[in-house]
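# Tertiary structure, described
Residues per chain, in single letters:
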Number of protein chains: 2
Amino acid sequence: MDRTDISLIALRRILRATELYGKELATAAKLTAAQFRALQIVAETGRATPKDIASRMGVSQATITALVDKLVARRLVTRERSERDRRQTNVTVTPEGQATVDEAPDALQQRYVRKFEALEDWEQAQIIASLERVAAMLDADAIDASPVLTTGDIKSTDKRH
Amino acid sequence: MDRTDISLIALRRILRATELYGKELATAAKLTAAQFRALQIVAETGRATPKDIASRMGVSQATITALVDKLVARRLVTRERSERDRRQTNVTVTPEGQATVDEAPDALQQRYVRKFEALEDWEQAQIIASLERVAAMLDADAIDASPVLTTGDIKSTDKRH
DNA sequence: AGCGAATTATTTGTCTATCTAAGCATCATG
DNA sequence: CATGATGCTTAGATAGACAAATAATTCGCT
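Presented here is an overview of the structure given in this document. None of these values were measured; they are calculated from a predicted model.

## What about the protein's contact with DNA strand D?
In the vicinity of DNA strand D, 22 residues are found, and the nearest of them are A:Lys51, A:Arg79, B:Thr32, B:Ser60 and B:Arg87. Sugar plus phosphate: this is where 78% of the atoms of DNA strand D within 4 Å of the protein reside. Backbone polar atom of A:Lys51 to a phosphate oxygen of DNA strand D: 3.0 Å apart, as the coordinates give it. A distance of 3.0 Å separates a phosphate oxygen of DNA strand D from a polar side-chain atom of A:Gln61. Elements supplying a minimum of two residues to the surface near DNA strand D: α3 (50-57) and α4 (61-73) of chain A together with α2 (33-45) and α4 (61-73) of chain B. Ranked by residue count, the leading element in the surface near DNA strand D is α4(B), at 4 residues. When the residues that make up the surface near DNA strand D are grouped by side-chain class, the tally is 6 nonpolar, 9 polar and 7 charged.

## Describing the protein's contact with DNA strand C
Around DNA strand C lies a shell of 23 residues, among which A:Thr32, A:Ser60, A:Thr63, A:Arg87 and B:Lys51 are the nearest. Backbone atoms, meaning sugar and phosphate, make up 75% of the atoms of DNA strand C lying within 4 Å of the protein. At 2.7 Å from a phosphate oxygen of DNA strand C is found a main-chain nitrogen or oxygen belonging to A:Ser60. Here B:Thr65 contributes a side-chain N or O atom positioned 3.3 Å from a phosphate oxygen of DNA strand C. Of all elements in the fold, only α2 (33-45) and α4 of chain A together with α3 (50-57) and α4 of chain B reach the threshold of two or more residues within the surface near DNA strand C. With 5 residues, the top contributor of residues to the surface near DNA strand C is α4(A). Across the surface near DNA strand C, the residue classes tally to 7 nonpolar, 9 polar and 7 charged.

## Quick look at the sheet that holds strand β3 (residues 89-93) of chain A
Residues and elements named next belong to chain A. One open sheet holds the 3 strands; their spatial order is β1-β3-β2, and the pairing between them is antiparallel. Edge strands, defined here as strands with exactly one partner in the open sheet, are β1 (47-48) and β2 (77-81). When β2 meets β3, the two strands line up antiparallel, connected through 5 bridges. Of the residues in β3, the one forming a bridge with Glu80 is Asn90. Of the strands in this sheet, β2 and β3 are in contact with α4, which crosses β2 at around 120 degrees.

## Considering the environment of B:Gln61
Residues and elements named next belong to chain B. Note on placement: Gln61 falls in helix α4. Of the residues examined, Gln61 reaches a relative accessible area of 44% and is grouped as partly exposed. With 10 residues separating them along the chain, Gln61 and Lys51 place their C-alpha atoms 6.1 Å apart. Residues in contact with Gln61, not counting those within four places in the same chain, are Lys51 and Ala54.

## What about the sheet that holds strand β3 (residues 89-93) of chain B?
All names here are of chain B. Read from one edge to the other, the open sheet built from 3 strands follows the order β1-β3-β2, with strand pairing classed as antiparallel. What marks the edges here is a single partner per strand, and that holds for β1 (47-48) and β2 (77-81). Docked against the sheet, α4 engages β2 and β3, running at close to 120 degrees with respect to β2.

## Thoughts on the packing of α2(A) against α4(A)
All names here are of chain A. At a minimum axis distance of 10 Å, the contact between α2 and α4 shows a crossing angle of 80 degrees. In terms of orientation, α2 and α4 fall into the roughly perpendicular class. Between α2, through Ala34, Gln35, Ala38 and Leu39, and α4, the contact on the second element is made entirely by Leu67, Lys70 and Leu71. A per-class count over the contact of α2 with α4 returns 5 nonpolar, 1 polar and 1 charged.

## Examining the side chain of A:Thr18
All names here are of chain A. Within the secondary structure, Thr18 is located in helix α1 (residues 3-29). For Thr18, a relative accessible area of 16% puts it in the buried group. Polar contacts involving the side chain of Thr18 include one to the main-chain carbonyl oxygen of Ile14, which spans 2.7 Å.

## A word on the nonpolar core
In this structure, A:Tyr112, A:Leu131, A:Val134, B:Tyr112, B:Leu131 and B:Val134 are the most contacted members of the largest nonpolar core, which totals 32 residues. When contributions to this core are tallied by element, the ones reaching two or more residues are α1, α6 (108-118) and α7 (121-138) of chain A together with α1 (3-29), α6 (108-117) and α7 (121-138) of chain B. Shared between two domains, this core takes at least three residues from each, and those domains are domain 1 (3-104) and domain 2 (106-138) of chain B. Filtering out sequence-adjacent residues up to four positions away, B:Tyr112 remains in contact with A:Ser7, A:Leu8, A:Leu11, A:Val134, A:Met137, A:Leu138 and B:Leu131. Within the second largest apolar cluster, 25 residues are counted, among which are A:Ile41, A:Met57, A:Leu71 and A:Leu76.

The rules we used
Residue positions are given per chain, counting from 1 as you read along its sequence in written order. Whichever chain is written first becomes A and whichever ligand is written first becomes 1, with later ones labelled in order. In view of the model being predicted, local features appear only for residues whose pLDDT reaches at least 70, and side-chain atom pairs are presented and counted only at 80 or more, with totals across whole chains, interfaces and linings using the full set of residues. Hydrogens and waters are ignored; side-chain quantities use all the structure's heavy atoms. A single heavy atom is enough: if one lies within 4 Å of a molecule or strand, its residue is considered near that molecule or strand. Polar contacts, as counted here, are pairs of nitrogen or oxygen atoms within 3.5 Å of one another; within protein the pair requires one atom able to donate a hydrogen and one able to accept it, and residues that are adjacent in sequence qualify only if both atoms are side-chain atoms. For helices the rule is a DSSP run of H or I covering at least 4 residues; for strands it is a run of E covering at least 2, with both sets numbered from the N terminus onward. Throughout this entry, Asp, Glu, Lys and Arg are counted as charged residues, while Ala, Val, Leu, Ile, Met, Phe, Trp, Tyr, Cys and Pro are counted as nonpolar. The remaining residues, Gly among them, count as polar. Note: two strands are recorded as paired if DSSP finds a minimum of 2 bridges between them. Whether two residues are in contact is decided by their heavy atoms: any pair within 4.5 Å suffices. In this analysis an axis means a line fitted to C-alpha atoms, helices contributing only their contacting stretch, and an angle means the value between N-to-C directions, from 0 to 180 degrees. Note on classification: 1.4 Å probe, protein chains only; a residue is buried when its accessible area is under 20% of the maximum for its type, exposed when over 50%, partly exposed between these limits. Note that the term roughly parallel is reserved for angles under 35 degrees, roughly antiparallel for angles over 145, roughly perpendicular for angles of 65 to 115, and oblique for everything else. Residues belong to a common nonpolar core when they are buried Ala, Val, Leu, Ile, Met, Phe, Trp, Tyr or Cys residues joined through side-chain atoms within 4.5 Å. Residue ranges for the domains originate in an automatic or database domain assignment.

Fair warning: the whole summary comes from geometry, so function is off the table for now.
Below you can see the structure in the form of structure tokens.
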């Protein structure tokens, strides 16, 4: 088996682990994976418009409407018309919603974070270089990928507004 | 922003690119992503039982029944009772099904393969080491990750049977 | 040999996610 | 102010997923 295959297999393991993690996380939070992702996006900065959420998740706005409906019903977010532009809706995380995200189980990501931080400097640097290299090889271009898998203290690289 | 965050962002880009690739692939093949994945699994060794497919995809058998129904309707696979164990069903890829997999569009993976192979030896080695490192940090353990994103010439690391 | 338990697949019913198309309100601009 | 663009929602459709129930078969044990 050549190196290309080996790298694909490792990649595949990463994808699979992440997917399973998503389900695990969602199950523990009593939400579906999609709902949890949406909630995370909102919680990241405290609020977001459906449009933002849709583009971050790569789905249509209609999907977000339904998703937000469910989150509102669970009182994890609220929905209000924006003052600045009354076509827009602000989806705002509630304390409960924030708590749900914060109390997400100590699974994959935290495991990853802990292990990553335990690495030697040079090793961290190498991994970053490699991951960025792979990401560059994979994505055609300009994909929005701010850290949804937030570690809790990242501020979104604010984009227009 | 610290290194952990940077690495998470890169990881996120990889995940996203791969997800989008899945959709792209499926659209081109006129199948949904799930259907395509199932077909790939069957095509990998020519046949598979619903049980195998379910565990490889991480979903229930009931889901596979419905998925295989659709693939059968499109004549991409056939279904017959196994001789060895008549509780089992063999899902076998048809020439059309195989062709569908083989003719999957020249998108992400091939882009990746080409670029990866163009790298210097030391760079390939570094990427592999990093990816495996990350995979190990992410997956709890023993996750089946044989190359579904097959490059066309990988034989499954045969497992019991 | 025969009975009960386990395994494999399917059916049925329900829920969620997702899309497209269409609609409504609002903003921006000529 | 009329027109078109933008942001969101609604409506209707399809797909994926699960749990529970069912059926067919095989296995384990006495």
